[in-house]
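Spelled out, the chains give:
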Amino acid sequence: MQQKYNPRVIEREAQQHWESAGAFRAVEAPGKPKYYCLSMFPYPSGKLHMGHVRNYTIGDVLTRHYRMKGYNVLQPMGWDAFGLPAENAAMANGVPPAKWTVDNIAYMKKQLQSLGFAIDWSRELATCKPDYYRWNQWLFLRMLEKGIAYKKTQIVNWDPVDQTVLANEQVIDGKGWRTGAVVEKREIPGYYLAITRYADELLTALDTLPGWPERVKTMQANWIGKSQGVRFAFPYELDGRNEKLWVFTTRADTIMGVTFVAVAAEHPLAARAARGNPKLAAFVDECRRGSVMEADLATIEKKGMPTGISVTQPLTGEPVPVWVGNYVLMAYGEGAVMGVPGHDQRDFVFATQYGLPIKPVIGPRDAGPELPLKQAYVEYGVCFNSGKYDGLDYRQAVDAIAADLKAKGLGDKQVLWRLRDWGVSRQRYWGTPIPLIYCGSCGDVPVPDADLPVVLPEDCVPDGTGNPLAKRAEFVNCKCPRCGKPARRETDTMDTFVDSSWYYLRYACADNAKSMVDPRVAYWLPVDQYIGGIEHAILHLLYSRFWTRVMRDLGLVKLAEPFTNLLTQGMVLNEIYFRKAGSGRITYYNPVEVETRAGGEVILKSDGQPVAAGGIGTMSKSKNNGVDPQELIDHYGADIARFFMMFTSPPEDTLLWSDAGVEGAARFLRRLWDYCYRHEASIRFPEGSVRVTDWSKEDPRLRSPRLEIHSILRQALYDYDRMQLNTVASACMKILNVLEKLPVDTIPLTPDKKSYIAPKSQLENEGVGILLRILNPIAPHITQALWKELGFAKSSGDILTTAWPQVDQAALIQDEVELVVQVNGKKRGDVRVPRDADKNTIERIVLALPFVQKAIAGIPVKKIIIVPGRLVNVVV
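Keep in mind it's a predicted model, so treat the numbers as computed, not measured.

Caption draft 1: Main features of the overall build of the protein. Looking only at helices and strands, the protein has 28 helices and 37 strands in total. Structurally, the protein occupies a C-alpha span of about 120 × 80 × 65 Å along its principal axes. Residues counted as buried form 52% of the 876 residues belonging to the protein. Across the protein, every contact between residues at least 6 apart in sequence was considered, and the portion connecting residues at least 24 apart equals 71%. Per element, the accessible surface of the protein, about 39,500 Å² overall, is 51% carbon and sulfur. Of the charged side chains in the protein, 106 are positive and 99 negative; the average position of the first set lies 2 Å away from that of the second.

Caption draft 2: Representation of the state of the cysteines. If you walk through the whole model with that rule in mind, you get 0 disulfides. Not engaged in a disulfide, the cysteine cysteine 128 finds its nearest cysteine sulfur in cysteine 460; these two sulfurs lie 14 Å apart. Of the cysteine sulfurs around cysteine 732, a residue in no disulfide, the closest is that of cysteine 676, at 12 Å. Under the relative-accessibility criterion, cysteine 732 is labelled buried at 0%.

Caption draft 3: Quick look at the nonpolar core. Counting 179 residues, the largest nonpolar core has Phe140, Leu505, Leu525, Trp547 and Trp657 as the members making the most contacts within it. Looking at this core element by element, the count peaks at 10 residues for helix H23 (residues 725–740). Those residues in contact with phenylalanine 140 that lie beyond four places of it in its chain are Ala149, Tyr191, Leu193, Val424, Ile434, Pro435, Leu436 and Met494. Grouped together as the second largest cluster of nonpolar side chains are 44 residues, Val258, Ala273, Val340 and Ile362 included.

Caption draft 4: Expanded view of helix H2 (residues 50–68). With 19 residues, H2 extends 27 Å between its outermost C-alpha atoms, agreeing within 8% with the 27 Å of an ideal straight helix rising 1.5 Å per residue. Burial within H2 is extensive, with 17 of its 19 residues counted as buried. Looking one or two places after H2, you find glycine 70, whose phi comes out positive at around 100 degrees.

Caption draft 5: Local environment of the environment of leucine 238. Structurally, the position occupied by leucine 238 is in strand E10 (residues 226–238). With relative accessibility at 18%, the residue leucine 238 sits in the buried group. As a C-alpha pair, leucine 238 and asparagine 726 span 488 residues in sequence and 69 Å in three-dimensional space. Dropping the residues within four chain positions of it, leucine 238 is found in contact with Leu269, Arg272 and Ile309.

Caption draft 6: Summary view of the packing of helix H19 (residues 638–647) against H23. Running from N to C, H19 and H23 cross one another at 115 degrees; their axes reach a closest spacing of 7 Å. Residues Phe643, Met646 and Phe647 of H19 touch H23, and the partners they reach there are Leu725, Asn726, Ala729, Ser730 and Met733. Residue classes in the contact of H19 with H23 are distributed as 6 nonpolar, 2 polar and no charged.

Caption draft 7: Focus on the sheet that holds strand E35 (residues 826–834). The strand order across the open sheet built from 4 strands is E35-E34-E37-E36, with neighbouring strands paired in mixed fashion. With one partner strand each, in any of the chains shown, E35 and strand E36 (863–867) form the two edges of the open sheet. Taken over all neighbouring pairs, the strand axes of this sheet differ in orientation by 25 degrees on average, direction set aside. Pairing between strand E34 (residues 816–823) and strand E37 (residues 871–875): 4 bridges, direction parallel. When the sheet's bridge partners are listed, valine 820 is paired in E37 with leucine 871.

Caption draft 8: Region of interest: the packing of aromatic side chains. Applying the stated rule across the entire model yields 38 aromatic pairs. Both rings, one in phenylalanine 497 and one in tyrosine 543, keep their centres 5.5 Å apart while their planes meet at 70 degrees; by these two values the pair is edge-to-face. Of the two residues, phenylalanine 497 is situated in helix H14 (residues 497–500) and tyrosine 543 in helix H17 (residues 539–553); the sequence distance between them amounts to 46 residues. Ring geometry for tyrosine 503 and tyrosine 507: centres 5.5 Å apart, planes at 75 degrees, overall edge-to-face. Across the pair, tyrosine 507 and tyrosine 503 agree in class, each one buried.

Caption draft 9: Fine view of unusual backbone geometry. In the segment running from leucine 452 into proline 453, the intervening peptide bond is cis, with an omega of 0 degrees. Residues leucine 525 and proline 526 are joined by a peptide bond in cis, for which omega reads 5 degrees. Residue placement: proline 526 occurs in the loop between helix H16 (520–524) and strand E26 (529–532). Of note in the backbone geometry, asparagine 624 takes a positive phi value of approximately 50 degrees without being a glycine. You can see asparagine 624 is positioned in the loop between strand E32 (612–618) and helix H18 (629–636). When its relative accessible area of 29% is taken as the criterion, asparagine 624 is described as partly exposed.

Caption draft 10: Spatial organisation of the pairing of strand E5 (residues 149–159). Note that E5 and strand E9 (residues 184–193) share 10 bridges and pair antiparallel. Looking at the pairing, alanine 149 lines up with leucine 193 of E9. In this structure, E5 lies alongside strand E6 (residues 164–166), joined through 3 bridges in antiparallel fashion. Note on E6: the bridge partner recorded for aspartate 159 is threonine 164. The hairpin formed by E5 and E6 contains 4 residues between the paired strands, and glutamine 163 there has a positive phi angle of roughly 55 degrees.

Caption draft 11: Molecular detail of the sheet that holds strand E24 (residues 486–489). Ordered in space as E22-E21-E24-E23, the 4 strands form an open sheet in which the pairing is antiparallel. The open sheet has two edge strands, strand E22 (443–446) and strand E23 (477–479), and neither has a second partner. The mean inter-strand angle of the sheet, taken between neighbouring strand axes irrespective of direction, is 40 degrees. Relative to E24, strand E21 (residues 436–439) runs antiparallel, the two sharing 3 bridges. Bridge pairing in E24 places isoleucine 437 opposite arginine 489.

Caption draft 12: Layout of the pattern of salt bridges. Within the structure shown, the criterion is met by 47 salt bridges. With a closest N to O distance of 3.1 Å, lysine 69 and aspartate 721 form a salt bridge. Here lysine 69 is found in the loop between H2 and strand E2 (72–74), whereas its partner aspartate 721 is found in helix H22 (residues 700–721), with 652 residues between them in sequence. For glutamate 561, the salt bridge identified is with arginine 549, shortest N-O distance 2.5 Å. Of this pair, glutamate 561 sits in the loop between H17 and strand E27 (566–568) while arginine 549 is found in helix H17, placing the two residues 12 residues apart along the sequence.

Caption draft 13: Focus on the pairing of strand E1 (residues 34–39). The buried fraction of E1 amounts to 6 of the 6 residues, a majority that puts the element mostly inside the structure. Where E1 meets E2, 3 bridges bridge the pair, whose relative direction is parallel. Looking at the pairing, tyrosine 35 lines up with valine 73 of E2. Viewed along the sheet, the connection from E1 through H2 into E2 turns out right-handed. Where E1 and E26 come together, 3 bridges link them in parallel fashion. Paired with leucine 38 across the bridge in E26 is tyrosine 530.

Caption draft 14: Looking closely at the environment of glutamate 19. Along the chain, glutamate 19 turns up in helix H1 (residues 7–21). Separated by 158 residues in the primary sequence, glutamate 19 and tryptophan 177 place their C-alpha atoms 46 Å from one another.

Caption draft 15: The arrangement of the packing of helix H20 (residues 659–678) against H23 in detail. Contact pair H20 / H23: the axes reach a minimum separation of 11 Å and the direction vectors enclose 40 degrees. Read as a crossing pair, H20 and H23 show a hand that is left-handed. In this structure, H20 uses Phe668, Arg671, Leu672 and Tyr675 to contact H23, whose residues at the interface are Cys732, Met733, Leu736, Asn737, Leu739 and Glu740. When grouped by side-chain class, the residues that make up the contact of H20 with H23 number 7 nonpolar, 1 polar and 2 charged.

Rules behind the numbers
- Residues numbered from 1 in each chain as written.
- Predicted model: local features only at pLDDT ≥ 70, side-chain atom pairs only at ≥ 80, totals over all residues.
- Heavy atoms only, no water.
- Helix = DSSP H or I, 4+ residues; strand = E, 2+ residues; numbered from the N terminus.
- Buried < 20%, exposed > 50% of the residue type's maximum accessible area, 1.4 Å probe, protein only.
- Contact = heavy atoms within 4.5 Å.
- Areas by Shrake-Rupley, 256 points an atom, 1.4 Å probe, with all protein chains shown as cover.
- Lys, Arg positive; Asp, Glu negative; His and termini not counted.
- Charge placed at Lys NZ, Arg CZ, Asp CG, Glu CD.
- Disulfide = S-S within 2.5 Å.
- Core = buried A, V, L, I, M, F, W, Y, C linked by side-chain atoms within 4.5 Å.
- Expected span 1.5 Å × (residues − 1).
- Axes fitted to C-alpha atoms, helices over the stretch in contact; angles between N-to-C directions.
- Nonpolar A, V, L, I, M, F, W, Y, C, P; charged D, E, K, R; others polar.
- Pairing = 2+ DSSP bridges.
- Phe/Tyr/Trp six-rings, centres within 6.5 Å; stacked < 30°, edge-to-face > 60°.
- Salt bridge = Lys/Arg side-chain N within 4 Å of Asp/Glu carboxyl O.
- Right-handed = clockwise from strand over helix to strand, strands pointing away.
- Left-handed = near helix turned anticlockwise from the far one by under 90°.

Laid out in structure tokens, this is it:
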């Protein structure tokens, strides 16, 4: 074998071997245990980042581990290729999103391949390809037939300059992120998927997912947001008509403390009141330009304006003023909330600001709240100042109030969900075309299945002035499939979450051009291990669970839950450095551009001037603190990058980047190669040597390290099963340490003067064989090469298919045991005694110990207590 470790050569040869052998092509094998390992597929942004590298390395380690354990393993890869970033890049570079995306896919695929991932590339998919999004369209039409997909108007953020809808995060201080134009809220028609039909099942089924992190399940449960409460109405008369203003509350016990009602700016009452009130109309317009995100509404300054309209408290008949509030969402409930400032802190602040009455009606039993209130009393208590409900606790009051409202025909108990139906319409180009045609005679007409896919033109270059599809006559103009008259094609595209909601199913049958899924799904699904960032804990995972259930109900699949186990890997962190100019502009510098001088001052290498340290943060382009994976691979090699990623921290924890850590990983792999080079002859286990069958008769200097190797192996196998891959990497280093300390001399042990060179060689062979196999999933290239160079492949086959190492239980039997030694219950030291020593032998050994003799100081021993295998207590 070559003397020096050369990652570039070794990794190229290993990857060529795997490719020529079709090593990672997965084929269904009924009767063999399967393992479907899937990492969330990447957006083809142009380059891998370290988060990608960590994510996919974790998945690859598990994939290779289960392969070696005898499982039939599938690890596929694809591209989440539709989306707004491609349109933004197209505007910046003047190229179609299709070309930008395809070029990025090609480059990123080469990067993934250079890392040696055990991916079945025959199943590769890209969501921007017609053979994939055709099935988005096909299933959308099936949902439309079942009423799961439907059309309604929606309130959106509208940029009047770009003529497009903006996501909430693209609205900054009420203005479009790109144009700076004041954003409007508009009601436009769009398509929705009725995920709320599945809300109860999606919530209760979380209890059937023990392999998911509790944090993720809690996040999903909170997002689904099941609220049990009371829906009731405030009657009112307006323009000669009797109307009802409906609200929902989880605290019906506080209804007697209502002093106002607040409605959303989009509520019909707000629009009616604003007709003759210019100030109110201006305020309504201001509210319409605000965020529609609940998180934002929780933190904004609460503003309101009275409408001049009053409604009637349904139980007392008292008039209650109606206000327009900027913190009320039309999308939640029915766009109105009751104001109970005595028992809701938000309402308390609002009422205090505008001088509205505050009426406390709940307090601790036998003691009303201290008046005047300094803040809302939000705890559960008993009713007072509430007429017939005085003295009732929370549950009693809710039951009584709900019954009275029901008797009046003005309300009843109800379950409300925070979850809203999924709006999938996007007024953007780079996405799946919605397969509908608008005909003046027939209305909305689905595209016939035979005409699918509706192919997205790939030569459009967005210019920021609306959806370019609407400007393509050859795309828009068509004939009605029903009557044959001229018609127009829908130009909205689907939310890109649609693409990622079922791709894990398509991997099982990616080559099927005739159906969305086939029986191979039943073999591979569910995914046994899913890996991805915590940022996808809610929407992507929730939509995937919903989409699978829809396909189940349509008879396409049998499963409901797509992912058995979920791992949310930690973020990769690095130092942040910057300078802030007098204008306030901040310039960030990559950590490789700076150096720390004696005394701790950090300077920029290029000019020697100081820079500020911004602490530790997630690697990102915006902070310029990323590490280019390609540079890392080119300089160190893939195995060193992989080993560092696994060794530095547990998969679910954050990983702090460290150049020294990378160097440490490099030193370990170089040490391993050097050890194998120097001991090649003995590791090969010289022919003619007699194999040891009873290690108990060999020299203790061999039995002890063999015990240590198998003890480390036992822990490593346990750590693999619990995915503590950092300690597996550490175990590999420990085994090499043991091997490097094996004795180098030989001494006669038997009358025929036979040396123990053969047993030592066998131990080296055994130890290196164990080390290479448990290291292989983490560093597959170097272990592939060493396995072959050291002759293991000839006797045991390719390392990819060789048997997973097993612990020799006999090796774990120790010749001696260590006992704690106590005098009158106080520990004085430890002692090692023969494992089979009897009581008298142990007593004799312990009493002869100098520290025991000193402790008893000649005092007669009353008794000696021995706890086998644990301790000896000398009582005087």
